[in-house]
Amino acid sequence: MAKAKKDSQQTEDENFNYIVRIVNTDIDGQKRTVIGLQSIKGVGKRVAQIVAKKAAVDPTMRMGSLPDEKVKEIETLVKSYVEYAPTWAINRQMDYETGADMHLFGQDLEIIQKEDINRMKMIRCYRGIRHETHHKVRGQRTRSNGRHGLTMGVSKK
């Protein structure tokens, strides 16, 4: 009995992938499916759960033990997330240049965010000026929080 269990564990280890690559991101094969998908930039908890459910994968299963066909299916589902997701669950609604709804991942997300910030700085809008001066952008309190520099509080004479 113990030998049969050991043999099945050994064959499982032979097929186990310690690194799974999805959408140009290396995912640790030891992580569970939902948590592993969250390591892709642009995929949060909700998106990962939706993709796992749509792919009919057990969310507690390890990423490395998934067969290659399932990994490819998950990758296509992640790339085509915008097609089956509601518009409020997409991270780039009404793109500035194209006007289309997109869901960006990885390096594309970082590049587009930097372009948006640079455009705001160029047109000198309020948010762009706040970005330039390294202040809070979204209306947060600045009097008592988010301070930086050496002196804080009352100074001695």
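Each chain has its residues counted from 1, following the order in which its sequence is written. Per-residue local features are limited, in this predicted model, to residues with pLDDT of at least 70; the limit for side-chain atom pairs, both in listing and counting, is 80 or more; totals at the level of whole chains, interfaces and linings are taken over all residues. The side-chain figures draw on all heavy atoms in the structure; neither hydrogens nor water molecules are used.

Caption draft 1: Seen up close, the pattern of salt bridges. The salt bridge criterion pairs a side-chain nitrogen of Lys or Arg with a carboxyl oxygen of Asp or Glu, the two atoms within 4 Å. Following the criterion strictly, the structure yields seven salt bridges and no others. Ionic pairing is found between E73 and K70, a salt bridge with its closest N-O pair at 3.6 Å. Pair noted here: E73 and K70 are both in helix α4 (residues 68-79), with a separation of three residues, about one helical turn. We classify E73 as partly exposed; its relative accessible area is 31%. Take K70: its relative accessible area is 23%, and that puts it in the partly exposed class. Several salt bridges share partner residues, and in doing so they unite R92, D95, D116 and R119 into one network. Strands here are runs of E lasting at least two residues and helices are runs of H or I lasting at least four, both read from the DSSP assignment and numbered beginning at the N terminus. Using a 1.4 Å probe on the protein chains alone, a residue whose accessible area is under 20% of its type maximum counts as buried, one over 50% counts as exposed, and one in between counts as partly exposed.

Caption draft 2: The arrangement of the environment of G44 in detail. Structurally, the position occupied by G44 is in the loop between α2 (33-37) and α3 (45-54). Once the C-alpha coordinates of G44 and V34 are considered, the two residues, ten residues apart in sequence, prove to be 9.1 Å apart.

Caption draft 3: How the structure looks around unusual backbone geometry. Non-glycine residue V23 carries a positive phi angle of around 50 degrees. In the Ramachandran plot, H134 falls in the positive-phi region, its phi being about 60 degrees despite a non-glycine side chain. Mapped onto the fold, H134 is located in the segment after α7 (126-132). Residue H134 is classed as exposed on the basis of its relative accessible area of 65%.

Caption draft 4: How the structure looks around the pairing of strand β2 (residues 25-28). The alternating pattern of β2 places T25 and I27 on a buried face, while none of D26 and D28, on the opposite face, is buried. DSSP calls a pair of strands paired once it identifies at least 2 bridges connecting them. Taking the residues that link successive antiparallel strands as the turn, the strand β1 (residues 19-22)-β2 hairpin has two residues, and the phi of V23 there is positive, at about 50 degrees.

Caption draft 5: Just the environment of D13, in detail. Turning to its location among the elements, D13 is positioned in helix α1 (residues 2-14). A relative accessible area of 42% places D13 in the partly exposed class. Considered as a pair, D13 and S65 are 52 residues apart in the sequence and their alpha carbons are 8.5 Å apart.

Caption draft 6: Broad picture of the pairing of β1. The alternating pattern of β1 places V20 and I22 on a buried face and I19 and R21 on a face that is not buried. As defined by bridge partners, β1 adjoins β2 across four bridges and the pair is classed as antiparallel. Bridge pairing links I22 to T25 in β2.

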